[in-house]
Amino acid sequence: MTASENRPLTATRTFPPDFLWGTATAAYQIEGAAREGGRTPSIWDTFSHTPGKVFEGHTGDVAVDHYHRFPEDVRLMSELGLGAYRFSVSWSRVQPTGRGPAVQQGLDFYRRLVDELLAAGITPALTLYHWDLPQDLEDAGGWPERATAGRFAEYAALVADALGDRVKHWITLNEPWCSAFLGYASGVHAPGRTNPVAALQAAHHLNVGHGLAVQALRAALPGDAQVTVSLNLHEVRPLTSSVEDREAARRIDAVGNRIWLGPMLEGAYPEDLFADTAHLTDWSFVRDGDTATVHQPLDLLAVNYYTPTVVAHAAEGDAVPQEDGHGHSEHSPWAGSEGVAFHRAPGERTAMNWAVDADALYDLLTRTAARYPGLPLVVSENGAAYEDEIGPDGTVHDPERAAYVHAHLDAVHRAITDGADVRGYFLWSLLDNFEWSYGYAKRFGAVHVDYDTLKRTPKSSAHWYSRVARTGELRPPGCD
């Protein structure tokens, strides 16, 4: 039994004094200004404008207009006492075709944003790629093409040259699993392709792009900059302890987690991944030297977590439940593991129908820390969507979100107590926004946005999180 087990949730937890408290967003979800300043369409512009791809035809054309309202949003962060802000750069705003020189007007937007953050005492954490590939590069083949990895490194160098004197925290890719497998296998994300081989090619070239981008960043940034990648590591659990269900969990761990962790942190792809996908591809797109390129030293590992993944073996001919939480498609995102059944985890659920399970975050952090000792961790995304409404008094009361965040922060604290070197936590998300294929139907924000007027209203959970961030003390909601 560890020291942290069975401790009451009513107790106060004190985090390390240098623990980083932040919130996070992504460019396409909040910026809007889709055709301003030289910006050209990304794959998400194209996808959202394709009938039937996004809930009720919603798009990110305006989103929550952060492009014009960022000073107000930074003031909100400052008023909430947040110490850090993780944002992403729109590739097609900076480099419209994905090639050639940067558009200075696009870079100037991010310069102004970063300067505003620094003036407010907020640490910027910059993500280079949060799923919005320039459409021109998709037209040339997208991530399944090796050339895209090289383009990404060139783009990384442009952003680093412009912002390296201001930004010390850099993330290459956000959730490359989603980019590869939701974008190219199941098709529920942009660009909406449904080819498992293309998805595996995309995964490899995202890995190569990450490695090349790390090299480009190291060459351009000062020595004290921190470079990482943000992975949505799946906490995979077998439905039962049977050999068959544990084998199903191994397969999903391979294509969900170790496809990234292997080359990025260990210098090689797992052999069982090759065996699982041999009926699809011989992986001849992996060239000599590729894994060495991918295997670049990182300063820490950023982890995104929302809900566990529960799987079981499905016998041939059985109906295969696909409750994996990643949207409905007739095509599985799990290339090479199409016969694995996905089950809903038990317990309370969010508006996304995702199970609330903070213990899974504890397990994920402690296991990752044990596997990669000496590599600090940060929780770069964690949060929940609920059916938030403005009350008659003009406030938004969301006790479910506060309870969710409290339980998961307690899990982070337990992990730290039990030896995991976790350096920070970024709440997803600062603002209600465009939630990908769900459009504006799901609200993850700590700050409510009226989509008609774009008025911002901090929810009760934002005020609670503010007290935690200001004091470094975790107390249950309502106990302050």
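Basis of the calculations
Residues numbered from 1 in each chain as written. Predicted model: local features only at pLDDT ≥ 70, side-chain atom pairs only at ≥ 80, totals over all residues. Heavy atoms only, no water. UniProt positions renumbered as here; feature names shortened; annotations may be inferred. Helix = DSSP H or I, 4+ residues; strand = E, 2+ residues; numbered from the N terminus. Buried < 20%, exposed > 50% of the residue type's maximum accessible area, 1.4 Å probe, protein only. Contact = heavy atoms within 4.5 Å. Pairing = 2+ DSSP bridges. Axes fitted to C-alpha atoms, helices over the stretch in contact; angles between N-to-C directions. Phe/Tyr/Trp six-rings, centres within 6.5 Å; stacked < 30°, edge-to-face > 60°. Lys NZ or Arg CZ within 6 Å of the ring centre and 35° of its normal. Core = buried A, V, L, I, M, F, W, Y, C linked by side-chain atoms within 4.5 Å. Expected span 1.5 Å × (residues − 1).

- Looking up the chain in an unreviewed UniProt entry gives the name Beta-glucosidase, with the organism given as Streptomyces roseus.
- UniProt, in its Sequence similarities (unreviewed entry) section for the chain, records the words "Belongs to the glycosyl hydrolase 1 family."
- We quote the UniProt Catalytic activity (unreviewed entry) comment for the chain here in full: "Hydrolysis of terminal, non-reducing beta-D-glucosyl residues with release of beta-D-glucose."

### Some thoughts on the UniProt feature "binding site: substrate" (unreviewed entry) in the chain
Then comes step 1: Sequence positions flagged by UniProt for "binding site: substrate" (unreviewed entry) are, in local numbering, Gln-29, His-130, Asn-174, Tyr-306, Trp-428, Glu-435 and Trp-436.
Then comes step 2: Residue position: Trp-428 is located in strand β12 (residues 422-428).
Then comes step 3: The class of Trp-428 is buried, set by a relative accessible area of 3%.
Then comes step 4: Along the polypeptide, Trp-436 turns up in the loop between β12 and β13 (447-449).
Then comes step 5: In this view, Trp-436 contacts Ala-26, Tyr-28, Gln-29, Trp-44, Val-54, His-130, Trp-131 and His-189; residues no more than four positions away in its chain are not counted.

### Focus on the sheet that holds strand β2 (residues 20-24)
For sheets, the rule is that strands pair by backbone hydrogen bonds, running either parallel or antiparallel.
Then comes step 1: Taken together, the 8 strands give a closed barrel; going around it, the order is β2-β3-β4-β5-β6-β8-β11-β12, and neighbouring strands pair in parallel fashion. Between one strand axis and the next, the sheet turns by 25° as a mean value, whatever way the strands run.
Then comes step 2: Strand direction decides the pairing type here: strand β8 (residues 301-304) and strand β11 (residues 377-382), joined by 4 bridges, are parallel. Counted as the bridge partner of Val-303 is Val-379 from β11.
Then comes step 3: Contacts from helix α9 (residues 196-220) reach β4 (123-129), β5 (169-174) and β6 (226-231), with the element oriented near 165° to β5.
Then comes step 4: Its contacts with the sheet put helix α14 (residues 399-417) on β2, β11 and β12, and the angle it makes with β12 is roughly 170°.

### Re unusual backbone geometry
Then comes step 1: Ala-190 connects to Pro-191 through a cis peptide bond whose omega is 10°.
Then comes step 2: Here Pro-191 shows up in the loop between α8 (176-184) and α9.
Then comes step 3: Residue Ser-429 follows Trp-428 across a cis peptide bond; omega there is 5°.
Then comes step 4: Mapped onto the elements of the fold, Ser-429 is located in the loop between β12 and β13.
Then comes step 5: If you check the backbone angles, Ala-63 has positive phi at about 50° while not being a glycine.
Then comes step 6: Of note, Ala-63 is situated in the loop between α2 (43-48) and α3 (66-79).

### Here's the deal with the packing of aromatic side chains
The description of an aromatic ring pair rests on the distance of the ring centres and on the angle between the ring planes.
Then comes step 1: In this structure the tally under the stated criterion is 37 aromatic pairs.
Then comes step 2: Ring centres 6.2 Å apart and planes at 70° place the aromatic pair Trp-21 and Tyr-465 in the edge-to-face group. Taken together, the residues Trp-21 in strand β2 and Tyr-465 in helix α15 (residues 460-471) connect sequence positions 444 residues apart.
Then comes step 3: Given the relative accessible area of 3%, Tyr-465 is considered buried.
Then comes step 4: Relative to Phe-342, the ring of Trp-334 lies with its centre 5.1 Å away and its plane at 25°, an arrangement referred to as stacked. Neither Trp-334 nor Phe-342 differs from the other in exposure class; each is buried.
Then comes step 5: Taken together, Tyr-28, Trp-44, Phe-47, Trp-131, Phe-434, Trp-436, Tyr-440 and Tyr-451 form an aromatic cluster joined through their ring pairs.
Then comes step 6: One residue, Arg-93, lies across the ring of Phe-109, its end atom 5.9 Å from the ring centre.

### A few points about the sheet that holds strand β10 (residues 340-343)
Then comes step 1: With mixed pairing, 3 strands are arranged side by side in an open sheet as β7-β9-β10. Strand pairing shows two members of the sheet lacking a second neighbour, β7 (236-238) and β10, which therefore form its edges. With direction set aside, neighbouring strand axes in the sheet form an average angle of 40°.
Then comes step 2: In this sheet, strand β9 (residues 309-313) lies alongside β7 in parallel orientation, the contact comprising 3 bridges.

### Some details on the nonpolar core
Then comes step 1: The biggest cluster of nonpolar side chains holds 154 residues, and the ones touching the most others in it are Trp-44, Trp-170, Phe-181, Trp-260 and Leu-409.
Then comes step 2: Tallying contributions element by element places helix α10 (residues 243-266) first for this core, with 10 residues.
Then comes step 3: Dropping the residues within four chain positions of it, Trp-44 is found in contact with Tyr-28, Val-54, Trp-131, His-189, Ala-190, Phe-434, Trp-436 and Ser-437.

### A closer look at the UniProt feature "active site" (unreviewed entry) in the chain
Then comes step 1: The UniProt feature table records "active site" (unreviewed entry) at Glu-175 and Glu-381. Across 207 residues, the annotated set stays spatially compact, with a maximum C-alpha separation of 10.2 Å.
Then comes step 2: Assignment of secondary structure puts Glu-175 in the loop between β5 and α8.
Then comes step 3: Once you skip the residues sitting within four places of it in the chain, Glu-175 turns out to touch Trp-131, Ser-230, Asn-232, Asn-304, Tyr-306 and Glu-381.
Then comes step 4: Here Glu-381 lies in strand β11.
Then comes step 5: Of the residues examined, Glu-381 reaches a relative accessible area of 3% and is grouped as buried.
Then comes step 6: If sequence neighbours within four positions are ignored, Glu-381 has contacts with Arg-86, His-130, Asn-174, Glu-175, Val-303, Asn-304, Tyr-305, Tyr-306, Phe-426 and Trp-428.

### Overview of helix α5 (residues 104-119)
Then comes step 1: Along its 16 residues, α5 runs 22 Å from first to last C-alpha, staying within 8% of the 22 Å computed at 1.5 Å per residue.
Then comes step 2: Among the residues of α5, Gly-106, Leu-107, Phe-109, Tyr-110, Arg-111, Leu-113, Val-114 and Leu-117 are the ones counted as buried.
Then comes step 3: Residues of α5 that are buried make contact with α1 (27-30), α3, β3 (84-88), α4 (91-94), β4 and α7 (147-163).

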